[in-house]
Structure formats: structure tokens, C-alpha cells
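Single-letter residue listing:
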Amino acid sequence: MIIRRRISTTLIPPLNQLFRRLHTLPNPNPIFSDYNNFSDAESSNNYHAYLSLLQSFVSRKAIGPGKQLHARLLLSNLGLDTVLATKLVNLYSVCNHLPYAHSLFDRIPKGNIFLWNILIRGYAWNGPFESAVSLYYQMLDHGLLPDNFTFPFVLKACSALSDIDNGREIHKLAVLTRWELDVFVAAGLIDMYSKCSSVIDARRLFDRILNRDVVLWNSMIAAYSQNGHPSEALSLFRKMALEGLKPSVATLVTVISASADAADLLRGREIHGFSWRMGFSSADKVNTALVDMYAKSGLVWLARVLFEKLVEKRVVSWNAMISGYAMHGHADEALALFDKLRKEAILLPDNITFVGVLSACSRAGLLHEGRRFFDSMLQDFSINPTVQHYTCMIDLLGHAGRLEEAHRLIKEMPMKPDSGVWGALLNGCKIHGDIELGEKALRELIELEPDDAGNYVILSNIYCQTRNWEEAAKIRKRMTDKGLKKAIACSWIEVKNKHHAFLVGDLSHPQSKEIYGELEILEGLMQQAGYVPDTMPVFHNVSDDEKRNMVRSHSERLAIAFGLISTPPGTKLMVKKNIRVCEDCHVAIKFISQIVNREIIIRDVNRYHHFKGGHCSCLDYW
């Protein structure tokens, strides 16, 4: 829907009255000392001096002296002079005093596009963003056409609102006015389409632009990265490098983050080396992104080495390291680092810090500590819990079997619970077999995410755990009727710089015969060591023999077997899986790690599992 209405603004008190006492007030601000030299407002020299002073105040964001000079201009009948007033509107805008800026804007002639751009920019930067869009349409009604400054400002507001309808209308006018291919306008359009999850439109525009600068490349790379396409972001970065463009810090931060999201350690290392060769070895923002990437890619120890070498450890740096420890289940290290942040750094933790801390507690089953940190947020740091913090607490309570307490906490939330909250409760119900509460959580999830097959699968699994095959079949039929399909389990392993993917029961790999032969040998050795297959994760009403055959060929086992026959003894293996590792595979991999005397790392959808010597870093709590 196109916003065309004028935003109502509360008018400020008459400035003539507000500042009439100017000469009776002391002047404590040295930045305004130059103003005391002016007394004759009608003087041409003074007029130019006022212009110079206002420009100085804008550059220094000196709002106090600016208000004083505004009062002087009003007393001298120059308060509504178009040129001076435009500079005052600019001052109030850059200082985020938008009611003053808008009130003055309403009182002066509006034939200058620069004046409109100033106020649109102010609202696009500081909100309310709807006001920027409304002003844009008022400007059109006033008979003015936008320029290459107007478009990026109003598109920024559309991005903040995820307002693709108005964004498309603005794009049409950019085409008609021939500003579409201006690099700044194009970057604004790409960002708008990205924030509205329309990456195809962003790429279509990107490909039409022949002379692309680094800002434009950054916008498109970020569009891929922010919309869950890290591989495409990395591919585009490679193309940018091949075209000879030097990346900026923003480029490197984005592609390193994309490597982290894809858990692509090989590509992340390549970018790390590339950044050093390009002269960014001492750029703390790049190194902080590397801390996050190495932590998410399994090398948490290397992340800590880089973290300690940071010249300036910002809160985001501490957050990356704490969250990295949490992801790997190293709760003690995460909480120790949080304690170090509080005692040694001249910084206060923020809400993201507490997400990491609560995640660490959740993944280690630290119920008492989790409750303490959750309460401490508001009491000690005046941080109001967000839905992310509640999700962590529901997950912690659910894993601990405190399902009713978790449900009560959901009811007490000051905001509407989202799918993450109800999903955490549903997962807790699955772990502890609570069908009644699980059904309630599923009803809430279906209302929020009617087309997410995973929610139905979890409830179906709860029924299967209790051997209620009839209800499980009803859930599957409901999925079929809605055209929903369960996500196919897939695992990946990288060997000799090449990725190998496996599905359950996969026979497509060229070395399938050797892979299954290795699995057969391992199973015999595992049984001798005391392994008994747990067929509970097979949620099908079939014979036990069939269930045993199904768990033997789970995708992560195939990936591990391939890694064992393709690498020298003692080599560490890392496998990525797109869903949660099942209980039987978790037990089996512990046995395998002991038999082959190797460290095996599994990154599933929730966390890292480090298997070594017959034990897992999660201590069987996940």
C-alpha cells in the first residue's frame, strides 16, 4: 500500500518566545564563542557569518549553540530565511531533533530538492521510517522529482520497513528518471530488495549495471549472505576478486560471515589468507569476523588465539567468542569468559552477550546458572529479555524436564511467543514424551508456521516413542494432505579440498562398496566392545531387523566411513549434518572414536559434538 498521507507533527512552541531571553542567559559553551562577535543582523557580513556558523554547527552536531543562533535569527527576522532555515533543518536532522526540523520545514518555501532530501534522510536514519516514505510522496505532489540523493534515503526507509510495495513504486520512478543505474541508487535498491527477501530482483538489477564499484558488490554479496545463500555470496566474492577489485573491510566481514554460516572452513581459510595479503591483518573488524568464523567452523581454539590478539576487543568480539564456546558445549569456558568481560573489560555486556551465555547454560544443562543469568539481565544490567532469551530459557527448562515451568514462562512473556519459543517447548516434549503439552505446542506452531513440515515430524516422533502408531500415521497423512515433506537427512565431509555428500542408505558414491565394507567391519568391532543398536530413533512400524538396517546406513555414518578409508590414521574428521544427530548414531560414533583412535567432530543443526576416546563433549546432553 502506497503511503501518501502527510505525517502529523507536534509543533514546537514559538521559537521567538522560547529563546527571547537569549541575552540574559550565560554562555557556557565555548563552541559558540564566535557568535558573540555578531550584533548587527542586517549586515551582509553577518549574514554570511551566520551561514558559516551554521555549517560549522552541522559538521560538529552542535545542537545547543545551533538553537541559540536560531533564536538570534528569529529575533532578527531572519528565522524563516530560506537559505538559513534550510541549514537549520539540516542541523536539527543530523542531531536527531526531527520535530524541530519538521516544524521549521513546514514554515518555509519548499521548492528546493535539497531541503526535502535533508528531512527524508533524517527520518530514514532515525525513524519513524514511514515519515520518510510519506515525505517522498509529498515531494512528488509538490512537483519535484527525486534525485540520486533522494532515492537512497527513501529506499533505506523502505528497507527498514521491509516495504517492497513502495520499494517497487520507487524503483519504477528511478527507471523513468534514469537514476536506476547510478551506483548509489542501485545499491539502495539492492539493499531494499534484500531486506524484503527478494534476492532474485536484487541480482537482476546488479547484472544490468556495467560499471560496478565496491559498494555495489558489497550490497549484492550482503544480499546473498543475509538471505541464507552463503555459497552464492562466496561465489560472487570470488568473481569480484577475479575482476581485480580490492575488497573493503565491509566486504571481508560479509564473506567471512558467509563462510561461518556455511561452515566452510576451507573457504574461510582462503579468505583469511587473502585478507592478510591485501593488508587487512590488523583490521579488528575483520579479525573479529574470523573469530566468529573459526568458532562456527569447529576450530574454537584458533578463534581464541585470534581473540586474544585483537588490539581492541569490542562487545561484538566478546560475544563471538562466548557464542563460539556455547556452540561447542564448552559452557565453563563461555561463563569464565563472561566473568572476565565483567571484571577486566571497560565494557558492559549487551543482549547478544546474554544470548550466548544462556545458550551455553542450555547446552550444558546448567539450570541454576541459567536462571541466575536470566534474572541478572534486568536486575544488574537493565537489559529487558527479548524473545531470544526466552527461547534459550524454554530450551533449558525443556531439556531439564521442567516442561510445566517452561509453559508457565511462555504465558508470562511480555511479547507474543514466536516459533522458536514453541519449537523449543515441542522439542522438550519430544525428549520427555509429553504428548499432551506437545500437541498444544504444535497447534501454536501450525498457526505461526503452517507449512513447516518439521513441526509435524516432531509430534509424529513423540507418538512413535510411545508406540502410538495410529496417531503417528494420522500426523503423516495430514502432512501428505498439505503437501508437506520431511527434510531429507544429509551429511557432508571434506576430504582433500573436495566435499562429499551422503543421504541415508546412499549408494551413489563411487566408493560405496568400500564405504559399506568399512561400516561392516566397524559394526563387528563395536559389538565386541558392547554396542547394542538403539532402534528407538527409527519412527516406523517395521521389524527390529529392518530398523537396525536403517540406522546402520544413516548419512553421518556413511560420511565417517568414507573419511576413515580416505585419510591417514589419526586424522581428525569433521562431518556436517543438516538435522539433529540421532541417539543411536551418537552412541555409535562414541564407540567408533575409541576403536579407530580418532577425534570425530559432528556439527548438526543445533551444536558441535566432539567425539574422542569413546566420549562426547556434550556429555550426552543435547
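In this text the structure is predicted, and so the values were computed from the model without any measurement.

Draft legend 1. Fine view of the pattern of salt bridges. Taken as a whole, this structure holds 21 salt bridges when the rule is applied. Across the pair Lys296 and Asp261 runs a salt bridge, and its minimum N-O distance is 4.0 Å. Of the two residues, Lys296 sits in helix α16 (residues 284-296) while Asp261 sits in helix α14 (residues 249-261), which places them 35 residues apart along the sequence. Owing to a relative accessible area of 22%, Lys296 belongs among the partly exposed residues under this scheme.

Draft legend 2. Unusual backbone geometry, seen in detail. Omega for the peptide link from Gly127 to Pro128 comes to -5°, which places this bond in the cis form. A positive phi angle, close to 65°, is found at Asn77, a residue other than glycine. With respect to the helices and strands, Asn77 occurs in the loop between α3 (63-75) and α4 (82-94). Of the residues examined, Asn77 reaches a relative accessible area of 70% and is grouped as exposed. You will see that Ser197, though not glycine, has its phi angle at about 60°, which is positive. Within the secondary structure, Ser197 sits in the loop between α10 (183-195) and α11 (199-208).

Draft legend 3. Representation of the environment of Leu348. Counting through the fold element by element, Leu348 comes out in the loop between α19 (331-344) and α20 (351-364). Accessibility expressed as a relative area gives 63% for Leu348, which makes it exposed. With 33 residues separating them in the primary sequence, Leu348 and Val315 have C-alpha atoms 7.6 Å apart. The residues contacting Leu348, other than those within four sequence positions of it, are Val315 and Phe381.

Draft legend 4. Up close: the UniProt feature "repeat: PPR" (unreviewed entry) in the protein. Those residues carrying the UniProt feature "repeat: PPR" (unreviewed entry) are residues 112-146, 213-247, 314-348, 386-416 and 452-486 in this numbering. Taken end to end, residues 112-146 is 77% helix and 0% strand, and its first and last C-alpha atoms sit 11 Å apart. Along residues 314-348 one finds 77% helix and 0% strand; the C-alpha atoms at either end are 10 Å apart.

Draft legend 5. Representation of the nonpolar core. Of all hydrophobic cores here, the largest spans 153 residues; its most connected members are Tyr136, Met220, Tyr294 and Leu425. The residues touching Met220, leaving out its near neighbours within four places in the chain, are Ile190, Val199, Ala202, Arg203, Phe206 and Leu236. Of all hydrophobic cores here, the second largest spans 29 residues; its members include Ile493, Phe502, Ile560 and Val581.

Draft legend 6. Broad picture of the sheet that holds strand β2 (residues 498-503). What the six strands build is an open sheet, ordered β2-β1-β3-β4-β5-β6; its pairing is mixed. Strands at the two margins of the open sheet, each flanked by one partner only, are β2 and β6 (615-616). Examined bridge by bridge, strand β1 (residues 490-495) and strand β3 (residues 573-577) share three bridges and lie antiparallel to one another. Its bridge partner being in β3, Trp492 is matched across the sheet by Lys576.

Draft legend 7. Layout of the environment of Gly505. You can see Gly505 is positioned in the loop between β2 and α28 (512-528). Judged by relative accessible area, Gly505 falls into the partly exposed class, the value being 32%. Remark: the alpha-carbon pair of Gly505 and His554, spanning 49 residues in sequence, is separated by 6.4 Å. In this structure Gly505 touches Tyr516, Ser553 and Leu558, once residues within four positions along its chain are discounted.

Draft legend 8. Inspection of helix α23 (residues 403-412) at higher detail. Within the sequence span of α23, burial applies to Leu403, Ala406, His407, Leu409 and Ile410. Projected down its long axis, α23 carries its buried residues within an arc of 160°, all on one side. Relative to its buried face, α23 has exposed residues pointing more than 90 degrees away, namely Lys411 and Glu412. Contacts from the buried residues of α23 go to α22 (387-399), α24 (419-432) and α25 (435-448).

Draft legend 9. View of the packing of aromatic side chains. With the rule as written, the count across this model stands at 12 aromatic pairs. Taken together, a centroid distance of 5.4 Å and an interplanar angle of 90° make the contact between Phe338 and Phe373 edge-to-face. With Phe338 in helix α19 and Phe373 in helix α21 (residues 367-381), the pair connects residues that are 35 residues apart, well separated along the chain. For the pair formed by Phe338 and Phe373, the shared burial category is buried. Taken together, Phe338, Phe354, Phe373 and Phe381 form an aromatic cluster joined through their ring pairs. Geometry around Tyr100 places Lys67 over its ring, the cationic atom sitting 4.7 Å from the centre. The ring of Phe206 has Arg212 lying over it, and the distance from NZ or CZ to the ring centre is 4.3 Å.

Draft legend 10. Region of interest: the state of the cysteines. Using the criterion set out here, one finds zero disulfides in the structure. Unpaired in this structure, Cys490 has its nearest cysteine sulfur neighbour in Cys585, at a distance of 14 Å.

Draft legend 11. Molecular detail of the packing of helix α18 (residues 315-327) against α20. In contact at an axis separation of 8 Å, α18 and α20 are set at 15° when each is read in the N-to-C sense. With respect to α20, the axis of α18 lies roughly parallel. Considering how the two elements wind past one another, α18 and α20 form a crossing that is left-handed. Counted together, Val315, Asn319, Ile322, Ser323, Ala326 and Met327 of α18 and Ile352, Thr353, Gly356, Val357, Ser359, Ala360 and Arg363 of α20 form the full contact between these two elements. Partitioned by chemical class, the residues of the contact of α18 with α20 number seven nonpolar, five polar and one charged.

Definitions and limits used
- Residues numbered from 1 in each chain as written.
- Predicted model: local features only at pLDDT ≥ 70, side-chain atom pairs only at ≥ 80, totals over all residues.
- Heavy atoms only, no water.
- Salt bridge = Lys/Arg side-chain N within 4 Å of Asp/Glu carboxyl O.
- Helix = DSSP H or I, 4+ residues; strand = E, 2+ residues; numbered from the N terminus.
- Buried < 20%, exposed > 50% of the residue type's maximum accessible area, 1.4 Å probe, protein only.
- Contact = heavy atoms within 4.5 Å.
- UniProt positions renumbered as here; feature names shortened; annotations may be inferred.
- Core = buried A, V, L, I, M, F, W, Y, C linked by side-chain atoms within 4.5 Å.
- Pairing = 2+ DSSP bridges.
- Arc of directions from axis to C-beta.
- Phe/Tyr/Trp six-rings, centres within 6.5 Å; stacked < 30°, edge-to-face > 60°.
- Lys NZ or Arg CZ within 6 Å of the ring centre and 35° of its normal.
- Disulfide = S-S within 2.5 Å.
- Axes fitted to C-alpha atoms, helices over the stretch in contact; angles between N-to-C directions.
- Parallel < 35°, antiparallel > 145°, perpendicular 65-115°, else oblique.
- Left-handed = near helix turned anticlockwise from the far one by under 90°.
- Nonpolar A, V, L, I, M, F, W, Y, C, P; charged D, E, K, R; others polar.

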